[in-house]
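Notes for the structure review
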Amino acid sequence: MAIEILMPALSPTMEEGTLAKWLVAEGDKVSSGDILAEIETDKATMEFEAVDEGIIGKLLIAEGTAAIAVNSAIAILLEDGESLSDAAPTATPSSVSHASLATKVSLPVTAHAPKQGNIAEQDLPEGTTFKTQTVREAIRDAMSEEMRRDETVYLMGEEVAEYQGAYKISQGMLDEFGSKRVIDTPITEHGFAGIAVGASFGGLKPIVEFMTFNFAMQAMDQIINSAAKTLYMSGGQMGAPMVFRGPNGAAARVGAQHSQDYAAWYAHIPGLKVIQPYSAADAKGLLKSAIRDPNPVIFLENEILYGQSFEVPDLADYTVPLGKARIWREGNDITLS
Amino acid sequence: MAAKKTSKANVSKDELMHFYREMLLIRRFEEKAGQLYGMGLIGGFCHLYIGQEAVVVGLEAAAEDGDKRVTSYRDHGHMLACGMEANGVMAELTGRSGGYSKGKGGSMHMFSKEKHFYGGHGIVGAQVPIGAGLAFADKYLGNSRVTFTYFGDGAANQGQVYETFNMAALWDLPVIFVIENNQYAMGTSQQRSTSSAEIYERGRAFGIPGEAVDGMDVLAVKAAGETAVAHCRSGKGPYILEIKTYRYRGHSMSDPAKYRTREEVQKVREEKDAIEHIRDLLLTGKHCTEDDLKTIDKEIKAVVNKSAEFAKESPEPALEELWTDIYARAEA
Ligand SMILES: Cc1ncc(C[n+]2csc(CCOP(=O)(O)OP(=O)(O)O)c2C)c(N)n1
Ligand SMILES: [Mg+2]
């Protein structure tokens, strides 16, 4: 019985991916565990292994094809002695074979939400053009632009450098800025948050990436008691110009310990500024402002949004002021902002 | 407590006089603070440094201009020793606007950019990564400063201390971890809380060198400080000094002191006192007379009394100060 090999979901938020490279050819015999292909997800390039054994009957998708939906057929695997013509053109779904059975995550947010808020209201220069960017790219660009602009800005966190970011946010940054300014830390949130606070007292402007904000619970004391309160306790003499950023809130099917939304918690702390952008343009403009802000800023991202694309003003220095809500849709009776 | 005290060696008269003055200033200042507390002029927490003076005075003698320091809530001595004004410190204790934090920090929270003093932290152990972070900044900026990061024997059991040891060693940060081991964390003796007899030996797990130092001997502290500073400044990474000291007073102001005997305290005061040690060296070495020392005592008393007057007269902060300095204004 021929088996359809389906595009696998290789991350919790993956909806589609690129078939970067086939590592088998038609006619090859494969056994369980053999590597079939390299697949590029929204987070990384990963190897995709065979589950069943058989002979590659047909490669349905050419190498390099992008935007292949999760669960669509990418190859046909034949049993010994079976020929391609024996295989029914529509293999039964019961014989699916892929690494992880992913239910397509439907994202209501993308279905109805506006892709471009009322950006004109911010008085963009006349003739401003836009480029399409994901939230992920916008965050990276914001950090890189600020690091080019100010030598004292640096990025630290788990897997931010060599691994290129657990969520691929800091992709390419190690190459550009080197290991002095893009720093892999051990898994020691309380410790590195405290070191970053000290570095901010000492004249630097750290960007601390938490792999997710769930893990910042370990660092809560340094964020609140040291970063947020020092300005007041020192009578205005010194504070912590720094950004704590990372994905926050619900992600896709990762369980209660990885899904907490901390927006309200941090918003209750005097001395912290809390930002939670939606679009790529806001993520970029607000993160740039957050890095320049002389206060500790909590910058809450969302994993499900990372791969979503938006129109971003194509300007050399696009910033969005902190503390001003964007109106995405005006209401008839009431507008929430 | 560690071995016999340094008897004399090649210590100049000037240096001995300097140590005597500095330590005496801290002691008299703290005694005055205790008095003001009794009068209700200082409230809340107030952790006195009496007995531990040689630690900070010895290490400050090993520091250079621009080196940084950060410590816990038991911070008055550190501030005086790094050159912050007695007036500003005392006025902060009384919560007045003339204090270093405009009366908004109190006994535990003072800072001085000018003197490179980075607090004054009330959460046990929190200053340890902060100190390493200051050292991180110095290394990043490429200057050759070192940071003295002070913490207690009790704080030495906090997890973040070891998180910091790991990163400080990994990244060769120029930070000196100074464990002020006064043998008690509030009412808990080191024996009852700490699995290792020598706390500095914990550094070995991270490859951080360290040593125990007699903290009642300011000359020994200075010498150890110089070793540590040379190590850090030459780019070899962190160093640990476990300085064995003793606090004569209670943990804070309302301490029933049931965890140790009067005799224990009395014995240290009589046999190990750091100020008496220097006083002896000055007199037996014929560097000065009793009368000379009395003159110094008087001068210091005058400085301390003046600070108390200043702290009483300085106005309380305006009510509006409750909601200032919560957010810094961005520069235009
Ligand atoms: C995280 C935390 N836990 C508990 C306390 C309460 N507390 C304040 S001081 C102290 C004892 C600390 O002792 P040690 O580190 O030896 O310093 P010392 O007071 O002897 O200078 C305790 C338990 C605190 N401030 N912070
Ligand atoms: Mg102690």
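Quick summary incoming for the structure in this document. Keep in mind the model is a prediction, meaning the values are calculated, not measured. (Residues numbered from 1 in each chain as written. Chains lettered and ligands numbered in written order. Predicted model: local features only at pLDDT ≥ 70, side-chain atom pairs only at ≥ 80, totals over all residues. Heavy atoms only, no water.)

A few words now on the overall build of chain A. The secondary structure content of chain A amounts to eight helices and 16 strands. Taking all 337 residues of chain A together, the buried fraction comes to 53%. Expressed as a percentage of contacts within chain A between residues at least 6 apart in sequence, the contacts between residues at least 24 apart total 75%. When the accessible area of chain A is evaluated, it comes to approximately 14600 Å², of which 51% is carbon and sulfur surface. (Helix = DSSP H or I, 4+ residues; strand = E, 2+ residues; numbered from the N terminus. Buried < 20%, exposed > 50% of the residue type's maximum accessible area, 1.4 Å probe, protein only. Contact = heavy atoms within 4.5 Å. Areas by Shrake-Rupley, 256 points an atom, 1.4 Å probe, with all protein chains shown as cover.)

Bringing the site of ligand 1 into the picture now. Residues and elements named next belong to chain B. Surveying the vicinity of ligand 1 reveals 15 residues, the closest of which are Tyr73, Arg74, Gly154, Ala155 and Asn182. Contact between ligand 1 and arginine 74: an oxygen atom at 2.8 Å from a side-chain N or O atom of the residue. Between ligand 1 and glycine 154 there is a distance of 2.8 Å, counted from an oxygen atom to a backbone nitrogen or oxygen. Protein contacts shield 71% of the accessible area of ligand 1, which totals 580 Å² for the unbound molecule. Residues that form the shell around ligand 1 fall into these classes: seven nonpolar, six polar and two charged. (Near = heavy atom within 4 Å. Polar contact = N/O pair within 3.5 Å; in protein donor to acceptor, adjacent residues only side chain to side chain. Nonpolar A, V, L, I, M, F, W, Y, C, P; charged D, E, K, R; others polar.)

With that settled, consider the interface of chain A and chain B. Listed as interface residues are 44 residues of chain A and, on the opposing side, 38 residues of chain B. Roughly 3400 Å² of surface becomes buried between chain A and chain B when both sides are summed, with 67% attributable to carbon and sulfur atoms. Among the residues of chain A in contact with chain B, A:Ile195, A:Tyr232 and A:Met233 are the three that bury the most area, contributing 21% of the side total. Linking chain A to chain B there are zero salt bridges. At the boundary of chain A and chain B, one finds 18 residue pairs in polar contact (both at pLDDT 80 or more). Breaking the side of chain A that touches chain B down by element, the ones donating at least two residues are β10 (153-157), β11 (182-184), α4 (189-201), α5 (220-228) and α6 (230-233) of chain A. With ten residues, the single largest contributor to the side of chain A that touches chain B is α4(A). Classifying every residue of the side of chain A that touches chain B gives 19 nonpolar, 18 polar and seven charged. (Buried area = accessible area lost by both parts, 1.4 Å probe. Salt bridge = Lys/Arg side-chain N within 4 Å of Asp/Glu carboxyl O.)

What follows deals with the sheet that holds strand β7 (residues 210-214) of chain B. Residue and element names in this part refer to chain B. Strand order across the open sheet formed by six strands is β2-β1-β3-β4-β8-β7, with parallel pairing between neighbours. Each having just a single partner strand, β2 (117-120) and β7 make up the two edges of the open sheet. Each neighbouring strand pair of the sheet contributes to a mean axis angle of 20°, computed without reference to strand direction. Of the strand pairs in this sheet, β7 and strand β8 (residues 239-244) are connected by five bridges, and their pairing is parallel. Following the sheet pairing, glycine 210 is matched in β8 by isoleucine 240. Contacting β3 (147-152), β4 (175-181), β7 and β8, helix α8 (residues 218-233) runs over the sheet at an angle of about 170° to β8. (Pairing = 2+ DSSP bridges. Axes fitted to C-alpha atoms, helices over the stretch in contact; angles between N-to-C directions.)

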